[in-house]
Amino acid sequence: MQNSTKEIDRPLAIGPVTARNRVFLAPLSGISDLPFRQLAWRYGAGLVITEMVASRELVTERRESRVRLRGDGIDPHVVQLAGREADWMAEAARIAEAEGAAMIDINMGCPAKKVTGGYSGSALMRDPDHALSLIEATVNAVSVPVTLKMRLGWDHENLNAPAIAARAEAAGIQMITIHGRTRMQFYEGVADWDAIASIRDAVRVPLVANGDVNSRADIDECLRRSGADAVMIGRASRGQPWICGILAGSTDAPKPGPQRNAIALEHYTMMIDHYGEDVGVRHARKHIGWYLDTLAPSAPKRLKGALMTARTAAEALPLFSEALETGADTAANLESAA
């Protein structure tokens, strides 16, 4: 297992598609919407992947699913689909391809109860034969590469990711991402990078390691222990959409200080433009909280409170700007991801 950060800035071929480096932004429900992905892409992420798009809702023309499908200005555009029925997955994949998707990613890793309760996401790992029927239907429906994201297994008694991965590769999957936890762990404990090595031994397609990767030192250790070809950054991107570019050594990544504050403010306006003011203001609140944690941990409580209750962009933006300026903590705002 020789992979290291020395290779992280190199392109990675995924079938006919090329990722420009090997630090990818994970699909994050409620986070990796179009504005967030556009910023992550602008500042150097190797790949960015949409929020999970429910296959049935996409086929039945649910507006929210269509919004999630957009990839304006992102190339290659990668769409993640989730579902339980092969026919819905196949038709949703065809729609995504027709709308410009350069790759389709299948979600077999989401641990959320509302997803697994519908026998989608990581629940599919409990029924590998059925999971393979979805994979085969999706692969056969499109001409673009299809990839797969999953966990180590449902629980520690059923660590079946290597067997599923081998079958998925045989069915035509062209890249596999493994989150180094089981579904029953959710996000508790520590991601098991060593366990990902068992999937490396089972497949030849590119392998991506996900879970608890927050720094260049983490990347080096994760790649060494897992044998993966790339890493995927999830929760560490909250409040810092530029982190993938920083970890990949991109020259496009912003330096600490005013530039990052400006990006945070731009992100807010992008969300308002994308969703409209009523929805955008509500959706932006969680991002404001993460930005303040990252860029302005000393922001006064009165400003934080006012921001979280602001009802219009005109009210929120000056408060956000003031909070970023007055709450900056030089020590916390140094280049911690290096």
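Please refer to the structure higher up on the page.
Keep in mind it's a predicted model, so treat the numbers as computed, not measured.

### Description of the pairing of strand β9 (residues 176-179)
Thinking step 1. In β9, alternate side chains face the same way, and those of Ile176 and Ile178 on one face and Thr177 and His179 on the other are all buried.
Thinking step 2. As judged from the 4 bridges shared by strand β8 (residues 146-151) and β9, these two strands associate in the parallel manner. Across the sheet, the residue bridging to Leu148 is Ile176, located in β9.
Thinking step 3. Of the pairings in the sheet, the one linking β9 to strand β10 (residues 207-210) comprises 4 bridges and is parallel in character. For Ile178, the partnering residue across the bridge sits in β10 and is Ala209.
Thinking step 4. Following the chain from β9 across helix α8 (residues 193-200) to the adjacent parallel β10, one finds a crossover that is right-handed.

### Quick notes on the sheet that holds β10
Thinking step 1. Read across the open sheet, the 9 strands follow the order β4-β3-β11-β10-β9-β8-β7-β6-β5; overall the sheet is parallel. Looking at the sheet topology across the chains shown, the edges are occupied by β4 (47-48) and β5 (53-54).
Thinking step 2. Two elements, β10 and strand β11 (residues 230-233), share 3 bridges in a ladder whose sense is parallel. For Asn210, the partnering residue across the bridge sits in β11 and is Met232.
Thinking step 3. Against the sheet, helix α4 (residues 86-98) engages β6 (78-82) and β7 (103-108), with an angle of about 160 degrees to β6.
Thinking step 4. Here α8 sits on the sheet in contact with β9 and β10, set at roughly 165 degrees to β10.

Thresholds applied
- Residues numbered from 1 in each chain as written.
- Predicted model: local features only at pLDDT ≥ 70, side-chain atom pairs only at ≥ 80, totals over all residues.
- Heavy atoms only, no water.
- Buried < 20%, exposed > 50% of the residue type's maximum accessible area, 1.4 Å probe, protein only.
- Helix = DSSP H or I, 4+ residues; strand = E, 2+ residues; numbered from the N terminus.
- Pairing = 2+ DSSP bridges.
- Right-handed = clockwise from strand over helix to strand, strands pointing away.
- Contact = heavy atoms within 4.5 Å.
- Axes fitted to C-alpha atoms, helices over the stretch in contact; angles between N-to-C directions.

None of this, on its own, says anything about what the molecule does.
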